[in-house]
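Fold and geometry: a report
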Amino acid sequence: MSLKDKNILLGVAGGIAAYKVVQVARDLTVAGARVHVMMTPGATRFITPLTFQSLTRYPVHTEVWEYWTQEAQGHISLAREADLALIAPATADILARLALGLADDIITTTMLGLPPGVPVLLAPAMETHMYEHPATRQHLQTLVERGAQVIEPGYGNLASGAVGTGRMADPAQLVSAVRLAFGRMGGDLHGKRLIITAGGTQENIDPVRYIGNRSSGQMGYALAEEALARGAEVTLISGPVKLAPPFGCNFVGITSTLQLEQAVHQALENPAAKADVLIMAAAVADFRPASPSEQKIKKDGSGQAPNIELVLNPDILAGLKGRPGLGGLLKVGFAAETEDLTFNAEKKLQSKDLDLIVANDAVTSIGQPDNEVTLIERSGMITNLERSPKRVVAGAILDKVVEILAKR
Ligand code: CTP
């Protein structure tokens, strides 16, 4: 769901993680949102209001009394016009004051006036002991019970030099969490369950070597991000890649094709969450060593390289044909080709019994940030998309998915 013209309240409390929130303000603004920043006095000691004001182009609010006599009455109109509120960094102090319902600064006063139903996101950031203190736990629980969503802090280096939990989620995760919250409020995939596979599989030759491919996972992750932003529930099954799982997905990490197959079956057979769509964006290794060595294979001195016998891996998509219980599942495959793109992709669409296939050039797409694809539907309809960033391609693929789902 687009962030264009959404009014986002960004409450910045006094923690060093405030510096990371500058990037959040910038990214939300670039995405088209109107970002109204409120800062506690403590926050202004870390970052100046001018920094946020320069990036968002809106006045930054630091005082409850400001604009009191004007038509736009500071905290009253800020609260009234908000589509979503994000508190980042949410310090132990502001969590306590929000939980108690205090109204002693611009953030707490505005938050008390927020109309019901406006999503509230909290991104805690503090020292581990403060985060784990029963008082903080209790305040967070109170806020969650009132409907707030917590963007959990991570484990890692803290500004104090200590290592532990309490590190604020990354700016990209905060932006994803905002998109997710809007998606859940009427995105065109709201209520749909998507299983998306991503990255490449790896097949062990011995404990240190494997057969793999150059897939970076960017296409599958972009699909997952975009589907979440449109309100879908997403299970992302991924081979080893250098990307962080998008905020809000159910993440399943796999390594080999057999593990991928098992994870796909498990996700499809989850009785509590019947999937509507399966998108196989993973680059699946078609072959694996017949018997991987348990020890590292050494040069044997014969001057000959070892012969590694390969066996075929199962075709995961084709194997779903006729599988019971999958009635109504919309299946999307990718076709990575180096020649006769459309012809080969159409053949795969039919042999794997797909609703949609995304055909791309294996050489110019794999591992690249952008992609040029052709979408081929079961009906024979063909759509050529120009080369674009994978996030844009993901949007176009999901537009098609929404269109096909609507026709059912
Ligand atoms: N796929 C799969 N299981 C496999 C291989 C591929 O489910 N063992 C899926 C891929 O995730 C993709 C589609 O099938 O969505 C097509 O994959 P691709 O590698 O293009 O084709 P293959 O079926 O492997 O055929 P070939 O390598 O011979 O072109």
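Summary of the structure given here. Note that the coordinates shown come from a computational prediction; the quantities given were computed from them, not determined experimentally. (Residues numbered from 1 in each chain as written. Predicted model: local features only at pLDDT ≥ 70, side-chain atom pairs only at ≥ 80, totals over all residues. Heavy atoms only, no water.)

**As for the site of the ligand**
This is how the line gets drawn: If a single non-hydrogen atom of a residue is within 4 Å of a molecule or strand, that residue counts as near it. Each polar contact in these results corresponds to two N or O atoms within 3.5 Å; when the atoms are within protein, one needs to be able to donate a hydrogen and the other to accept it, and residues that are neighboring in sequence are counted only if both atoms are side-chain atoms. In this description, accessible areas are obtained by the Shrake-Rupley approach with a 1.4 Å probe, and a residue is regarded as covered only by the protein chains that are shown. Site definitions follow a grid-based scheme: protein atoms alone, a 1 Å grid, a 1.4 Å probe that fits but cannot get out for cavities, and for pockets an open set with protein on both sides within 12 Å along at least five of seven lines, plus lining residues having an atom within 4 Å of a point. Assignment of a molecule to a cavity or pocket requires that more than half of its atoms lie within 2 Å of the corresponding grid points. In DSSP terms, a helix is any run of H or I states spanning at least four residues, a strand is any run of E spanning at least two, and both are numbered starting from the N terminus. Three categories are distinguished: nonpolar for Ala, Val, Leu, Ile, Met, Phe, Trp, Tyr, Cys and Pro, charged for Asp, Glu, Lys and Arg, and polar for the others, with Gly belonging to the last.
Lining the immediate surroundings of the ligand are 14 residues, of which Met280, Ala282, Phe334, Lys348 and Lys352 lie closest. Measuring from an oxygen atom of the ligand, one finds a side-chain N or O atom of Asp286 at 2.9 Å. Here Lys352 contributes a side-chain N or O atom positioned 2.5 Å from an oxygen atom of the ligand. Protein contact buries 77% of the 570 Å² of open area that the ligand shows by itself. Mapping the ligand onto the cavity grids shows that it belongs to the largest pocket. With 4 residues, the single largest contributor to the shell around the ligand is strand E16 (residues 330–337). Looking at the shell around the ligand, its residues break down into 9 nonpolar, 1 polar and 4 charged.

**A few points about unusual backbone geometry**
How we decide: In this scheme, a residue with accessible area under 20% of its type's maximum is buried, one over 50% is exposed, and one in between is partly exposed, where area comes from a 1.4 Å probe on protein chains only.
Note that the residue after Ala88, namely Pro89, is joined by a cis bond; omega there is -10°. When you line up the elements, Pro89 lands in strand E3 (residues 84–90). Of note, the phi angle at Arg57 is positive, near 65°, even though the residue is not glycine. Locating Arg57 in the fold gives a position in the loop between helix H3 (49–56) and helix H4 (74–81). Looking at Arg57, the relative accessible area reads 67%, which means it is exposed. At Asp353, a residue that is not glycine, the phi angle is positive and equals roughly 55°. Topologically, Asp353 is positioned in the loop between helix H12 (341–351) and strand E17 (356–361). Residue classification places Asp353 among the partly exposed residues on the basis of a relative accessible area of 25%.

**Some remarks on the side chain of Glu203**
Note the threshold: We score Asp and Glu as negative and Lys and Arg as positive, and we do not count His or the chain ends. Salt bridges are identified by distance alone: a Lys or Arg side-chain nitrogen within 4 Å of an Asp or Glu carboxyl oxygen. In what follows, a contact means two residues having at least one pair of non-hydrogen atoms within 4.5 Å.
Counting through the fold element by element, Glu203 comes out in strand E9 (residues 203–206). Buried within the structure, Glu203 lacks any salt-bridge partner; its nearest side chain of opposite charge belongs to Arg288, at an N-O separation of 5.4 Å. Ignoring anything within four residues of it in the chain, the contact list for Glu203 reads Arg209, Tyr210, Ile211, Ser256, Thr257, Ala285, Phe287, Arg288, Pro289 and Asn313.

Treat this as a map of the structure, not an account of what it does.
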